[in-house]
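Tertiary structure, described
The lines below spell out each chain.
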Amino acid sequence: MRKKKQKRLIIWLVVAIVVVVGAIFSFGHAGQKQNKTVTVGLVSPSNADEKIWNQVAKTAKDKYGVTVKTKTFTDYTQPNKALANGSIDLNAFQHYAFLNAWNKANKGSLVAIGKTFITPIHLYSNKYKSLKDLPDGATIAVPNDTSNESRALFVLKNAGLITLKKSAGTLATVADIKSNPHNLKIKELAAEQTARSLDDVDAAVVNTNYAVAAKLSDNKILYTEPVNKDSKQWINLIAANKKDQNKEAYQDVVKAYQTTQVKHLIQKYYGDKEIAAWNLKLK
């Protein structure tokens, strides 16, 4: 009888130790997870972008114990350099074409770890109301970085203003213009300068974040880029260094972004100017 009592006591002691040790490890793990901080680089975020990332930060903190901080850059040349040198952990400002072009030009190893949205870009004008009003010899500003210049030229192509050589592929330059029946003058500018150039040119292809920052109204739009199966390269993304792409905290930030709440905020603030892309089916 006494041996049975001793055996039971030992069993209960073992159980108690397991519970206590488990609680300590659980507490330690939770505390460790709560202390994870991830810094995300953004380019000239609008008020709407800041509200969207506030929601991402809330979800990341509440659901995954990850603290999300954002760092603002003023142009497209900075965030990938900052990511590559470890100044930030992730960035969210570019599409696949831009990332691929940057990696190629800089021998980089940045990778996409999650889709965010796609933003059809527009051809704007302060001087004309429709494409047919553009005069022969009109000057049109386009972004001068490799991927966005190509995208702008495809906008002009789809608008019927120019044609491009088949050999241009997805990274077209002005040298790839096959025909230019209206003798348009293509003015290459830094992407952040295109909206500001509208008083000096006849029209400009402006990336949406800069158009929003410049408060360009819809009545200045001459043409909108179509969204179809050819648009895959223009989907925006969250990028990381290749060696870090599977880090749990970084994947948690992606999951915190790809939510119904964020999708609703995108629709609320951008309407059809920005489209959630993580479940988007391109036809």
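My aim in this report is to walk through the structure given alongside it, one point at a time. One numbering rule holds for all chains: residues counted from 1, following each sequence as written. Reporting in this predicted model follows two pLDDT cut-offs: at least 70 for local features of residues, and 80 or more for side-chain atom pairs to be given and counted; totals over whole chains, interfaces and linings ignore these cut-offs and use all residues. Side-chain numbers here rest on the full set of heavy atoms in the structure, without hydrogens or water.

Once that is clear, we can look at the sheet that holds strand S9 (residues 185–189). Only when DSSP finds a minimum of two bridges between them are two strands counted as paired. Numbered from the N terminus, helices here are DSSP runs of H or I no shorter than four residues, and strands are runs of E no shorter than two. Taken together, five strands build an open sheet; the order of strands is S9-S6-S10-S5-S11 and the sheet is mixed. If you trace the sheet from one side to the other, it starts and ends with S9 and strand S11 (221–224), each paired once. Across this sheet, the average inter-strand angle for adjacent strands is 25 degrees, counted without regard to direction. With five bridges joining them, strand S6 (residues 139–143) and S9 adopt parallel strand pairing. Each axis is a line fitted through C-alpha atoms, and for a helix only the stretch in contact is used; angles between axes span 0 to 180 degrees, taken between their N-to-C directions.

This part covers the environment of lysine 36. Considering the arrangement of structural elements, one finds lysine 36 in strand S1 (residues 36–43). The partly exposed category is assigned to lysine 36, whose relative accessible area is 23%. Residues lysine 36 and alanine 249, spaced 213 residues apart in sequence, show a C-alpha to C-alpha distance of 7.0 Å. In what follows, residue pairs with any heavy atoms lying within 4.5 Å of each other are defined as contacts. When neighbours within four sequence positions are excluded, lysine 36 is seen to be in contact with Gly65, Val66, Thr67, Glu248 and Ala249. Exposure classes here rest on a 1.4 Å probe applied to the protein chains alone. A residue is buried below 20% of its type maximum, exposed above 50%, and partly exposed in between.

Time to look at the pairing of strand S12 (residues 235–241). Judged by how many residues are buried, S12 sits mostly within the fold: seven of seven residues are covered. Burial along S12 is two-sided: the residues Ile235, Leu237, Ala239 and Asn241 and Asn236, Ile238 and Ala240 are all buried. Sheet analysis places strand S4 (residues 110–118) next to S12, joined by six bridges and oriented antiparallel. Across the sheet, residue valine 111 finds its bridge partner in S12, namely alanine 240.

Each pair of packed helices can be summarised by the angle the axes make with each other and by the distance between the axes. One way to put it is that helix H2 (residues 47–64) packs onto helix H7 (residues 248–257) with a least axis distance of 8 Å and a crossing angle of 120 degrees. In terms of orientation, H2 lies oblique with respect to H7. Every pair of crossing elements has a handedness; the one defined by H2 and H7 is right-handed. In this structure, H2 uses Ile52, Trp53, Val56, Thr59, Ala60 and Tyr64 to contact H7, whose residues at the interface are Asp252, Val253, Lys255, Ala256 and Tyr257. Throughout this description, any angle smaller than 35 degrees is read as roughly parallel, any larger than 145 degrees as roughly antiparallel, any in the 65 to 115 degree range as roughly perpendicular, and the remainder as oblique. In a left-handed crossing the near helix is turned counterclockwise from the far helix by less than a right angle, and in a right-handed crossing that turn is clockwise.

Take empty space enclosed by the protein next. Only protein atoms enter the 1 Å grid used here, on which a cavity is any set of points holding a 1.4 Å probe that cannot leave and a pocket is any open set flanked by protein within 12 Å on both sides along at least five of seven lines; residues with an atom within 4 Å of a point are listed as lining. Grid points are joined across faces, edges and corners, and a volume is the space filled by probe spheres set on the points. The tally for this structure, following the rule as stated, stands at one cavity of 30 Å³ or more. Taken as a whole, the largest cavity spans an internal volume of roughly 390 Å³. What lines the largest cavity is a set of 26 residues, and nearest its centre among them are Ala92, Phe93, Phe117, Asn209 and Asn236. At the level of secondary structure, the elements contributing two or more residues to the lining of the largest cavity comprise S1, H2, S4, helix H5 (146–158) and helix H6 (208–213).

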